[in-house]
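Reading the structure
One-letter residues, chain by chain:
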Amino acid sequence: MAPLTLPLAADDRHLHWPWLVVALAVLVVVLMVVWAIGWSRRTPASAAYVAHAARLRSLPRFRALVRRRVVLGVALTLTALVACTGAVILAGRIQETKRIPQSESSRDIMLCLDSSGSMITIDYEVLKQFEQIVAGLKGDRVGLTIWSGTAVTVFPLTDDYDFVQQQLRAAEAAFATGDTFSDAYDKFTEGTIVNQKVQSQVGDGLASCAQRFDRSSQHRSRSIVLATDNQPYGRGVFTFDQAAAYTKSRHIVVHGIAAPTTSARPLALAEFKRDVLLTGGTFSLLGADGSVPTVVDSIERTEARRIQKPPIIQVVDEPHLGTVVVGIGVGLLVVVWLVEGLLFLKDRDPA
Amino acid sequence: MTYLQKIRTRLTIHAHRKVLGLLEGEYAAVQIGRGMDFNDLREYVRGDDVKDIDWKASARGRQLLVKRYVAERKHTVLLCVSTGRSMAALNQVGTRSPVSKRDLSVFVAGLIGYLAVRHGDLVSLVYGDADQQHIRPRESTELHLERLLSTIHAATTERSGPADLVALLHYTARVVRRRTILAIVSDEVSVSDELADVLRRLAAQHEILFVTIGDADPTAAADSLTDRPLYDIDAGTPIPGWLRGDRRLRREYAALVGSEEAGLRRRLDQLGIVHERVRDTDAAITAVFRLLERHRHARRR
C-alpha cells in the first residue's frame, strides 16, 4: 500500500479584518498628528501669561527636568504605541487556518464471543488478552458482541478506549467466575438466549458480528475475533459456511479461536478451521491451558490501513499575540506612570 | 474715571491708615520758586514787555527798570510706561490671587499722575514697545490723566510687540525737549549697558523715578498661583505644567530672581536713579511714596 502523504500542518495565518487594521492604524497616526499639531499650536485660551520665563531655561534643574521629561515622554509614547499596536492586532483578529490531517488507523476489530456456558473460561482469557491489546491501540476501533442463540452488542465499534477498557473489565468480571449460574454472568449475557432450543449458533453469531461493521464505503481493515467451540444447539438462520461466505463477501477477516473441547469433535473443528481460513484469517486451537498468544499475534499482524480523509479545515482566532502585546504595552505604561508619579511626589514642593 | 477712582479709593484708605496729609509736598520742585513771587529788577533791554516796566522804580533810579518774576513753572510729570506684551503677563503676588502686571502698571502710573495733577502739574505720557512708541500731550486735568491711563491699558495686550525699554527711552530722549520728572514704569529684570547709557543720558535732562514690576513665579505649584496653564508670553510657548511645584527648581529660580533684582538695584544705585520694585497695589502706594521720599532726599543732598 502506497504511503499516503498528507499536507501536514499547512497553517496559514492571516487577518480576518485587514481593512480594520489599516483603518485603525491610520486612525492612530491621524490622532497622533492631530495631537502633535494641537500641542504645538495650542491656543492659550485660558492660559495665564508669565513674562521673563526664559530665565528658567538657564537653570541646571530645568535642564535636568527636561531630560527626565523627554525620557518619560518617549517611554510613555512608545508604551502607548505598543498597547495600541496590540489593540489593533486584536481588532484585526489574527486567524489561523488549521488543516488538521485526518489520518486514522482504519482497523476495525470486533470481538465476537460465544457466550454459551462452555466458553466462559475461554472468553475470559480472550478478553484479558484483548484488554492488553486495546491499551496499545491508536485510532483503531474495537467492538464487542456476544452471542449464543442471538447476538447482543455489548458495545459497538468505537475508539473511546476508556469506555472500551471499562466495558472489557465489566465483561471479564462477568466471565471471571466461570460459573454459568452466577448473577453477573446471567445479567451480562441477558438476551443472548431467546429460545432455549436455539443456542450457540455460530453462523448467526458470525453473521451478526459481520453486520456490526459500519462505514462500508471506506476501505478499512476489518477483522473479527471469533471465539467459539462450534457446538450449535438447535437450528439457526445461517450455517457456519453461509456466515463465513457472507463475511468474506464483506471483506472481513475472521480470526478463529477454537476452544480446547472442539478437538473432541473433528468435524466441527474442521468446519471451523475451513471457514475461518476461507475468510483469509488465522485459526488457532487453544491448548488445555487456554492460552491465546496467537490471537494477539494475528491481530497485531493485521494491517492497519490508513485512509485518507480530506483534512478538517478549522479557522481559529489567535488572540495570543495581540493579548501579549497589549499586556506588555499596558504593563509598561503603568510602570512608567508609577515612576512618573513617584518622581513627582519626591520632588514636589511641600508648600 | 474708573482707573482714577480706583486709585483715589486706595489712596484714601492708605492715607487714613498711615499719615494724614500724605499727599502734600510729594515731590521736590525742579526749580525753586514761589509762583508769582517777585524776584528782582533789572535794566530794560529791547524786547522786554512794556507792561513789565516798573515805572516807580524807574523814576527813582533814573533808568528804565523792568520787574522780573520767577514765572510760575508748572512741572511736567512724564509717565514713561513700557507697554510691551510682557507687561500683559501676571504679576508676582505671593500667595494672593494673581494680578495682571498691566493693572499694576496702570495703577502705579495713575498714582504718580494723580499726585501730579493734584499738585497742579502737567502730566504727559510716553509709551510703547519694540515696534512702536507714542507720546501723548501734557495736561493737568484728571480727565486727561484718565485718558492716559486707559491708553496704557489698551496698549498693553498679549499681542503687543515685545517690551523694549531702551527703544522707548531713546524715543523719549528724541522727542521730549523739556525738563520733566520722568516716571519710568517697566518690568526690567536687569540693566543692560544700552539701558544704562540711555538712562545716563536721560538723567542729565530729567528727574528719573524708576518703578519696576515683578513677574509671576512660573515654578510655583499649580494651586498657589493659578490653576490655569501657564504661557510664556515672550517666547509664545506654553510653560509645561510639570515644571511647577518642583522643589529644587523653585529654589534655583528664586535664587536667580533674587540675584537679578539685587544686580538691578546695584546698577541703578550706581547710576543714581531711585528705584522701587512694586509687587501689588497695596505695596505700590508705599513704594511710590518711598520713591518720592528718596527722590526728595536725593535732591537735597
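Right above here is the structure, for reference.
To start, this report covers the structure provided alongside it. Keep in mind that this is a model prediction, so the values were computed, not measured.

This part is about the overall build of chain A. From N to C terminus, chain A includes 10 helices and 10 strands. Here chain A holds 351 residues, and the buried ones make up 30% of them. For chain A, restricting intrachain contacts to residue pairs at least 6 apart in sequence, the fraction spanning at least 24 positions comes to 83%.

Turning our eyes to something else, we now look at the interface of chain B and chain A. Contact residues are listed per partner, giving 34 residues for chain B and 22 residues for chain A. Elements supplying a minimum of two residues to the side of chain B that touches chain A: β10 (230–232), β11 (237–239) and α7 (247–271) of chain B. When its residues are assigned to classes, the side of chain B that touches chain A shows 20 nonpolar, 3 polar and 11 charged. For strand β2 (residues 48–50) of chain A and β10 of chain B, the ladder comprises 3 bridges, and the chain directions are parallel. Bridging across to β10 of chain B, V50 of chain A finds its partner in D232 of chain B.

This part is about the packing of helix α7 (residues 240–249) of chain A against helix α8 (residues 266–278) of chain A. Residue and element names in this part refer to chain A. Taken N-terminus to C-terminus, the directions of α7 and α8 make an angle of 15°; their axes are 9 Å apart at the nearest point. Comparing their axes, α8 and α7 come out roughly parallel. Classified by chirality, the crossing of α8 by α7 is right-handed. Between α7, through F240, D241, A244 and K248, and α8, the contact on the second element is made entirely by E271, D275 and L278.

Let us look at the sheet that holds β10 of chain B. What the 3 strands build is an open sheet, ordered β2(A)-β10(B)-β11(B); its pairing is mixed. The open sheet terminates on both sides in strands that have one partner only, identified here as β2 of chain A together with β11 of chain B. Between one strand axis and the next, the sheet turns through 40° on average, direction left out of account. Sheet analysis places β10 of chain B next to β11 of chain B, joined by 3 bridges and oriented antiparallel. Counterpart to L230 of chain B in the pairing with β11 of chain B is I239 of chain B.

Let us now look at the environment of R85 of chain B. Residues and elements named next belong to chain B. If you trace the backbone, R85 turns up in the loop between β3 (76–82) and β4 (90–91). Judged by local crowding, R85 falls into the buried class, with 21 C-beta atoms found within 10 Å. Here the alpha-carbon distance between R85 and S160, two residues 75 residues apart in the chain, equals 4.8 Å. Discounting residues that sit within four places of it in the chain, R85 has contacts with T157, E158, R159, S160, G161, P162, A163 and I233.

Our next topic: helix α1 (residues 18–40) of chain A. If you check α1 of chain A, its first and last C-alpha atoms are 33 Å apart, about what 23 residues at 1.5 Å a residue would give, namely 33 Å. Here α1 of chain A lies mainly on the outside; 0 of its 23 residues are buried.

Once that is clear, we can look at the nonpolar core. Among the nonpolar cores identified, the biggest contains 77 residues, and V50 of chain A together with L79, V108, L111, I112 and A183 of chain B are the most heavily contacted of them. The element contributing the most residues to this core is helix α3 (residues 101–118) of chain B, with 11 residues. In this structure, V126, L157, A227 and V276 of chain A belong to the second largest nonpolar core, which totals 48 residues.

As a further point, take the sheet that holds β3 of chain B. Within a sheet, each strand pairs with its neighbour through backbone hydrogen bonds, oriented either parallel or antiparallel. Residue and element names in this part refer to chain B. One open sheet accounts for 6 strands, arranged β7-β6-β3-β8-β9-β12; its pairing is mixed. With partners counted over all chains shown, the strands left at the sheet margins are β7 (133–139) and β12 (274–278), one partner each. Between one strand and the next, the sheet's axes are offset by a mean angle of 15°, whatever the strand orientation. With 5 bridges joining them, β3 and strand β8 (residues 181–186) adopt parallel strand pairing.

Rules and cut-offs
- Residues numbered from 1 in each chain as written.
- Chains lettered and ligands numbered in written order.
- Predicted model: local features only at pLDDT ≥ 70, side-chain atom pairs only at ≥ 80, totals over all residues.
- Helix = DSSP H or I, 4+ residues; strand = E, 2+ residues; numbered from the N terminus.
- Buried ≥ 20, exposed ≤ 12 C-beta atoms within 10 Å, placed from the backbone.
- Contact = placed C-beta atoms within 7 Å.
- Nonpolar A, V, L, I, M, F, W, Y, C, P; charged D, E, K, R; others polar.
- Pairing = 2+ DSSP bridges.
- Axes fitted to C-alpha atoms, helices over the stretch in contact; angles between N-to-C directions.
- Parallel < 35°, antiparallel > 145°, perpendicular 65-115°, else oblique.
- Left-handed = near helix turned anticlockwise from the far one by under 90°.
- Expected span 1.5 Å × (residues − 1).
- Core = buried A, V, L, I, M, F, W, Y, C linked by C-beta atoms within 7 Å.

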